[in-house]
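Structure at a glance
What follows is the residue order along each chain.
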Amino acid sequence: MNIPANLKYTKDHEWISIEGDIATVGITDFAQKELGDIVYVEVETLDQTLEKDEVFGTVEAVKTVSDLFLPLSGEIIEFNDKLENTPESVNSDPYGAGWMIRIKIANEAEIDSLLTSESYKELIGA
């Protein structure tokens with residue numbers, strides 16, 4: 001299972017890459033395997049400011065629909081619109097081409113509540 005050490009994680013299986021006050025968010029390799037073949041990613045919260053743990057979108061797989069939870073409070077400034085035509089990128093490259101949103105972080109103190117790769121491995125039993 002691929003769990004890059006340079007990322008942060010949530011108990012809801014999102015990964016976060018932080019550069020300055022901008023965070024890129026997607027779902028983990030574990031999450032995409034659990035969901036199965038992803039057929040649609042919906043994010044209707046672009047340009048909105050949401051609180052940590054609020055739902056920012058949904059991911060639809062062949063067998064289920066799952067909410068996506070914001071790992072940090074902030075404004076959603078970008079959606080990976082390539083997912084509109086190639087949602088399967090989340091399955092094939094969850095940490096690269098399958099990223100979902102970018103947010104402008106509102107509260108940097110919340111970063112401390114995120115999981116390290118080691119903590120995330122413990123959570124999923126990897």
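Residues numbered from 1 in each chain as written. Predicted model: local features only at pLDDT ≥ 70, side-chain atom pairs only at ≥ 80, totals over all residues. Heavy atoms only, no water.

1. Details of the sheet that holds strand S5 (residues 49-50)
Within the open sheet, the six strands sit side by side as S1-S2-S3-S9-S8-S5. Their pairing is antiparallel. At either end of the open sheet lies a strand with only one pairing partner, and these are strand S1 (8-9) and S5. In this structure, S1 lies alongside strand S2 (residues 14-19), joined through two bridges in antiparallel fashion. From the neighbouring strand, Tyr9 faces S2, where its bridge partner is Trp15. (Pairing = 2+ DSSP bridges. Helix = DSSP H or I, 4+ residues; strand = E, 2+ residues; numbered from the N terminus.)

2. Considering the nonpolar core
Across soluble globular proteins, you tend to see nonpolar side chains buried next to one another. Formed by 26 residues in total, the largest nonpolar core has its most connected members in Ile27, Val41, Phe56, Leu72, Met100 and Ile101. Going through the elements one at a time, strand S3 (22-27), helix H1 (29-35), strand S4 (38-42), strand S6 (55-61), strand S8 (74-79) and strand S9 (101-105) are the ones with two or more residues in this core. Setting aside residues no more than four positions away along its own chain, Leu72 makes contact with Ile16, Ile18, Ala23, Lys52, Ile103, Ile105, Glu110, Ile111 and Leu114. Ranked by size, the runner-up nonpolar core spans nine residues in total, among them Leu7, Tyr9, Tyr95 and Tyr120. (Core = buried A, V, L, I, M, F, W, Y, C linked by side-chain atoms within 4.5 Å. Buried < 20%, exposed > 50% of the residue type's maximum accessible area, 1.4 Å probe, protein only. Contact = heavy atoms within 4.5 Å.)

3. Some remarks on the packing of aromatic side chains
Under the definition given, this model contains two aromatic pairs. Between Tyr9 and Tyr120, the ring centres sit 4.9 Å apart and the planes meet at 15°, which makes this aromatic pair stacked. Of this pair, Tyr9 sits in strand S1 while Tyr120 sits in helix H3 (residues 117-124); the two residues are 111 residues apart in sequence, bridging distant segments of the chain. The exposure classification of Tyr9 matches that of Tyr120, with both residues buried. With a centroid separation of 5.9 Å and 55° between ring planes, the pair formed by Trp15 and Tyr95 is classed as tilted. Taken together, the residues span a long stretch of sequence, with Trp15 in strand S2 and Tyr95 in the loop between helix H2 (89-92) and S9 at a distance of 80 residues. Exposure class is identical for Trp15 and Tyr95. Each is buried. A cation over a ring is seen here: Arg102 above Trp99, with NZ or CZ 4.0 Å from the ring centre. (Phe/Tyr/Trp six-rings, centres within 6.5 Å; stacked < 30°, edge-to-face > 60°. Lys NZ or Arg CZ within 6 Å of the ring centre and 35° of its normal.)

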